[in-house]
Amino acid sequence: MPGSYTSAWKTESVRAVYDLASAFVSSELLPNREKWEAQHHVDRDVWLRAADLGLLCCSIPEQYGGGGGTIAHDLAVCEAQARAGETSWGNMVHSGIVAHYLLAYGTEDQKRRWLPRLAAGEMIGAIAMTEPGTGSDLQGIRTRAVRDGEAYVIDGAKTFISNGHLADLVLVVARTDPARGVKGISLIVVETADCPGFVRGRILEKVGQHGADTAEFSFERTRVPADHLLGGVEGQGFAQLMNQLPQERLLISVLAVAGMEAAMEQTVDYVKQRQAFGQTIWDFQNTKFTLAEGATATRIARVFLDSCVDLHLEGRLDTATAAMAKWWLTEQQVTLIDECVQLHGGYGYMREYPIARMYQDARVQKIYGGANEVMKDLVARSL
Ligand SMILES: Cc1cc2nc3c(=O)[nH]c(=O)nc-3n(C[C@H](O)[C@H](O)[C@H](O)COP(=O)(O)OP(=O)(O)OC[C@H]3O[C@@H](n4cnc5c(N)ncnc54)[C@H](O)[C@@H]3O)c2cc1C
């Protein structure tokens, strides 16, 4: 990419984490990709190796076993993975989302009990909001958690859960008081090991991101200790979700921009060596214009993303701005990658070419973390 633009949030220590994560992706993730795509999940030991290198929970304070950095360090790990086109390892959900719910809302006892185990890779985290009957409309969730003495009894079903097949710790969004609407929603921590009534369903077959495990759960009178209620107070779940979702959307935005940068790099290289009609594909004016537009869109995307990261580091990233980033950047990503596939011709449709995988993997970016239409709704509400 032209010019000497650098992201202000990529300080020396953030760049060091990025370099470490890039090396980890190259040596530990990419060589296993075929196997993981076939089995639809990564091997558990990859989490332990990532933990040994300090790549899990980088922004969780050291007193809870984390790296003691800022969210920029976690973003750097996600960006390194996305830049390499690797989508199997579900660290974004684990370190960027689940650990942060525990840090922000957990009681001291909850933080001490679970954060060190997440940071050590001994437990893999997931968050279960979506249900077969409702995704965008979180107010419509039907999973119930009923207090019964010193336990909650959970009944319900969840679907599309990232890290679902391997998850040891699941933040379950459930209704603790159906009469109170959104004020009756709570988050309950389910430890899946030896948990009676917790049923892990099949790993779902997706259009892309084949190595990422995405699974269904059902809860059949699942009993969890009452002190697994996140934060210890019922009815806080909806507010907890609304406060954390901007960070989730920022993480998705990082994947989008890193994906655009990777697609541009792959495509410029490809068109400059592929020949047609006695010249390279690059020599057609259409190619140059398409890639000039792509480079411009990618730079604008990067600058906007970086401003959102800076705002978030200052604690000022609001819901509407995060929604703008999520919808617009993922839209740009999908559009650009489609054009890059076109410039690859038939090879762009072959999975042995990175751009083909990017094409498959990118599509869901417009759907998860809140569908882009829902993002626009959030933006509109702020106008
Ligand atoms: C690969 C993958 C991983 C996922 N990981 C997780 C996870 O870890 N945890 C989790 O809880 N969920 C997860 N999800 C679920 C994801 O967040 C939902 O799929 C998403 O929020 C959309 O919900 P839905 O699928 O029920 O679509 P629906 O809510 O049925 O919406 C369908 C479509 O309707 C339109 N629509 C909906 N609402 C509006 C509106 N207000 N205005 C205009 N149009 C609208 C949009 O076009 C939308 O795409 C994952 C999904 C996928 C595919």
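Structural data are supplied above this passage.
What comes next is a walk through the structure. In this text the structure is predicted, and so the values were computed from the model without any measurement.

## Let's talk about the site of the ligand
Close contacts around the ligand come from 18 residues, with Met129, Thr130, Ser136, Phe160 and Ser162 the closest. Ser162 is positioned such that a nitrogen or oxygen atom in its side chain is 2.8 Å from a nitrogen atom of the ligand. At 3.1 Å from an oxygen atom of the ligand is found a side-chain nitrogen or oxygen belonging to Glu373. Protein burial of the ligand: of its 980 Å² of free accessible surface, 65% is covered by the chains. Going through the elements one at a time, strand 1 (125–128), strand 3 (151–162) and helix 11 (372–381) are the ones with two or more residues in the shell around the ligand. When residues in the shell around the ligand are grouped by element, the largest group, 3 residues, is from strand 3. Of the residues assigned to the shell around the ligand, the class counts are 10 nonpolar, 6 polar and 2 charged.

## Considering the side chain of His228
Counting through the fold element by element, His228 comes out in the loop between strand 7 (214–225) and helix 7 (237–273). Of the residues examined, His228 reaches a relative accessible area of 6% and is grouped as buried. In terms of polar contacts, His228 uses its side chain to reach the backbone carbonyl oxygen of Val189, at 2.8 Å.

## Overview of the nonpolar core
Within the largest apolar cluster, 93 residues are counted, with the highest numbers of intra-cluster contacts made by Trp89, Tyr101, Leu102 and Ile127. With 17 residues, helix 7 is the largest single contributor of residues to this core. Those residues in contact with Ile127 that sit more than four places away from it in its chain are Val93, Ile97, Val98, Tyr101, Ile161, Leu171 and Leu241. If you look at the next biggest cluster of nonpolar residues, it comprises 19 residues, including Ala126, Ala128, Ala167 and Val170.

The rules we used
Residues numbered from 1 in each chain as written. Predicted model: local features only at pLDDT ≥ 70, side-chain atom pairs only at ≥ 80, totals over all residues. Heavy atoms only, no water. Near = heavy atom within 4 Å. Polar contact = N/O pair within 3.5 Å; in protein donor to acceptor, adjacent residues only side chain to side chain. Areas by Shrake-Rupley, 256 points an atom, 1.4 Å probe, with all protein chains shown as cover. Helix = DSSP H or I, 4+ residues; strand = E, 2+ residues; numbered from the N terminus. Nonpolar A, V, L, I, M, F, W, Y, C, P; charged D, E, K, R; others polar. Buried < 20%, exposed > 50% of the residue type's maximum accessible area, 1.4 Å probe, protein only. Core = buried A, V, L, I, M, F, W, Y, C linked by side-chain atoms within 4.5 Å. Contact = heavy atoms within 4.5 Å.

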